[in-house]
Amino acid sequence: MQNPAAGSANPAASFPALWNYLRPALDHIVRAPTNTPERAPAIDVAYHMGIHTAVYNYFTASRFDVNAFAPADAPAATPPSPGGAAAAAARASSPPAAAAAPHGADLYDTLDRYYAALCRELLASAPPDDASLLHYLLPCFRRYAAGAGAVSRLLNYVNRHYVKRAVEEDRGWLRLADILDAVVAQAVADGEPTTTTSTAASAATAATTTTGTDTVRPREQLAARLRERRAAELKRWGCAAGAPPDALARAEAAAEAASPPDRIVPLASLALRRFRADVVRPLLAVPRGKKGRKKHKRLAPPPPANSGPKSRLARAAKELIESKSAGAGAAEEEERYAMAAELSAMLGAVGIPVDHLLRKKLDKFVALRPQG
């Protein structure tokens, strides 16, 4: 894809200008058809460098429009002057939402909405029959993940400038509040009071824990607790102690994709989290029965003993696992095992835990794969 003509306009002058400059590249990388779904289409080198330069200039600009994403009914905020009483007065008169918004949140949030809209389109294009669902979903995810990875590399400065800073400010996938919640939950399980006073006393006691003659500083103790909680969370995603770096990276990416939408995660995990929320979760949802007026109240018949899975994705996986035919050859059997393994890997990548029932069934089936 060639570099679009921007004329004399500066793409980094404002966020709308930057997004209009980025959008054609995103559409080409993520949406353009390709014969190799595992590899996203490339863009022109000049366009690639132009995006890098525009994003860098936008993030490092000394001033930016604080009203770009302020509420429509909010008064316009005056950019603060370099210093002095006028700067303090301008900051005091700025709307709280606009003043508190960190630089880069606009691009991050817009990318999240972009992926959400794309995932809804992918779900709407899914075939209605369960037999064809996996043949659509797996190549679709390969294409989506490849495009999301290419976009993450293209906009790596967002990860380095905005995401890294958000994690340092305790806004990442694992926060100190999670540790405090675990402490409170443990106190409830032990039958201890959970009032504010007792919690503060416990925190103060923990902050002054001594080892021999040396007092453990609160910052070091919190860091140690955070490392312990992080190791425990990554263990839930199949990463045991002493795992190689690539397994650790996969487990952390899965934990990021499984995080709530208010957590700041790298752009690749942001895209996978959206795929889980807007594609996988609807396919795993059990449809509700139609509600209508009942003329006569009747007892519902008991469900059949082998009623089978209710969600579309579970039905498609069940059909894949049980679709062995008498005349199936080795190639067909290998394809079944390969599709089951790929489906399990996809579910793990988007944040479906290892102990999920569907993943357990798929992993059990893949374990029966003949060796050699």
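For the structure, check the block above.
Cut-off values and rules
- Residues numbered from 1 in each chain as written.
- Predicted model: local features only at pLDDT ≥ 70, side-chain atom pairs only at ≥ 80, totals over all residues.
- Heavy atoms only, no water.
- Helix = DSSP H or I, 4+ residues; strand = E, 2+ residues; numbered from the N terminus.
- Buried < 20%, exposed > 50% of the residue type's maximum accessible area, 1.4 Å probe, protein only.
- Contact = heavy atoms within 4.5 Å.
- Areas by Shrake-Rupley, 256 points an atom, 1.4 Å probe, with all protein chains shown as cover.
- Lys, Arg positive; Asp, Glu negative; His and termini not counted.
- Salt bridge = Lys/Arg side-chain N within 4 Å of Asp/Glu carboxyl O.
- Core = buried A, V, L, I, M, F, W, Y, C linked by side-chain atoms within 4.5 Å.
- Arc of directions from axis to C-beta.
- Axes fitted to C-alpha atoms, helices over the stretch in contact; angles between N-to-C directions.
- Left-handed = near helix turned anticlockwise from the far one by under 90°.
- Phe/Tyr/Trp six-rings, centres within 6.5 Å; stacked < 30°, edge-to-face > 60°.
- Nonpolar A, V, L, I, M, F, W, Y, C, P; charged D, E, K, R; others polar.
- Expected span 1.5 Å × (residues − 1).

Observations concerning the overall build of the protein
Each helix and strand counted, the protein has 15 helices and two strands in total. Residue burial in the protein is summarised as follows: out of 372 residues, 36% are buried. Counting contacts in the protein only where the partners sit at least 6 residues apart, residues at least 24 apart contribute 72% of the total. In the structure as shown, the protein presents an accessible area of about 22300 Å², 58% of it carried by carbon and sulfur atoms.

Concerning the side chain of Arg143
Relative to the elements of secondary structure, Arg143 occurs in helix α6 (residues 133–154). Despite its burial, Arg143 remains without a salt bridge, the nearest opposite charge being carried by Glu38 at 9.4 Å. Those residues in contact with Arg143, other than ones at most four positions away along the chain, are His28, Ile29, Val30, Arg31, Ala32, Thr34, Pro37, Ala40 and Pro41.

Some points on the nonpolar core
Counting residues in hydrophobic clusters, the biggest one holds 80 residues, and the most contacted among them are Ile51, Leu155, Phe275 and Leu313. Here this core takes eleven residues from α6, the largest share from any one element. Once residues within four sequence positions are removed from consideration, Ile51 is found in contact with Tyr21, Leu22, Ala25, Ile43, Leu154 and Leu155.

Quick notes on helix α15 (residues 357–367)
If you check which residues of α15 are buried, you get Leu358, Arg359, Leu362 and Phe365. Down the axis of α15, the buried set is contained in an arc of 130°. They therefore lie on one face. Set apart from the buried face of α15 by more than 90 degrees, the exposed residues are Leu357, Lys364 and Ala367. Here the buried face of α15 lies against α12 (267–284), α13 (312–321) and α14 (330–349).

Remarks on the packing of helix α5 (residues 105–124) against α12
It is the contact of α5 with α12, at a shortest axis distance of 9 Å, that shows an interaxial angle of 35°. Crossing hand, α5 versus α12: right-handed. Packed against α5, whose contacting residues are Tyr108, Leu111, Asp112, Tyr115, Ala116, Cys119, Leu122 and Leu123, the element α12 presents Leu267, Leu270, Ala271, Arg273, Arg274, Phe275, Asp278, Val279, Pro282 and Leu283 at the interface.

Quick word on unusual backbone geometry
The backbone of Asp170 sits at a positive phi, close to 65°, despite the residue not being glycine. Position of Asp170 relative to the elements: it lies in the loop between α7 (156–168) and α8 (176–189).

Some remarks on the environment of Ser14
Along the chain, Ser14 falls in the segment before α1 (15–31). For Ser14, a relative accessible area of 25% puts it in the partly exposed group. Spatially, the C-alpha atom of Ser14 lies 7.6 Å from that of Tyr58, the residues being 44 residues apart in sequence.

A closer look at the environment of Val366
Note on placement: Val366 falls in helix α15. Sequence-wise, Val366 and Ile321 are 45 residues apart; in three dimensions their C-alpha atoms are separated by 9.4 Å. Among residues more than four places away in sequence, those in contact with Val366 are Tyr337, Ala340 and Ala341.

Digging into the packing of aromatic side chains
According to the stated counting rule, one finds 13 aromatic pairs in the structure shown. Between the aromatic rings of Phe15 and Trp19, the centroid separation amounts to 6.4 Å while the plane-to-plane angle is 25°, which identifies the pairing as stacked. Within this pair, Phe15 and its partner Trp19 are both found in helix α1, separated by four residues, close to a single helical turn. Trp19 gets classed as buried once you look at its relative accessible area, which sits at 12%.

Here we look at the packing of α1 against α6
Relative orientation of the contacting elements α1 and α6 amounts to 145°, with a least axis distance of 8 Å. When α1 is examined against α6, the residues Leu26, His28, Ile29, Val30 and Arg31 are found in contact with a partner set consisting of Arg143, Gly147, Ala150, Val151 and Leu154. Looking at side-chain class alone, the contact of α1 with α6 contains six nonpolar, two polar and two charged residues.

Remarks on the pattern of salt bridges
Evaluated as defined, the whole model comprises 19 salt bridges. When the shortest N-O distance is used, the salt bridge between Arg142 and Glu38 registers 3.1 Å. Residue Arg142 is found in helix α6, and its partner Glu38 is found in the loop between α1 and α2 (45–60); the two are separated by 104 residues along the sequence. Among the salt bridges present, the one from Arg312 reaches Asp130, with a minimum N-O distance of 3.3 Å. Remark: Asp130 occurs in the loop between α5 and α6 and Arg312 occurs in helix α13; sequence separation between them is 182 residues. Look at Arg312 and you get partly exposed, because its relative accessible area is 21%. Residue class for Asp130 comes out buried when judged on its relative accessible area of 18%. In this structure, a network of salt bridges that share partners links the residues Arg23, Asp27, Arg31 and Glu121.

So, α6
The end-to-end C-alpha separation of α6 is 31 Å, in line with the 32 Å expected for 22 residues at 1.5 Å each. With 16 of 22 residues buried, α6 is to be regarded as a mostly interior element.

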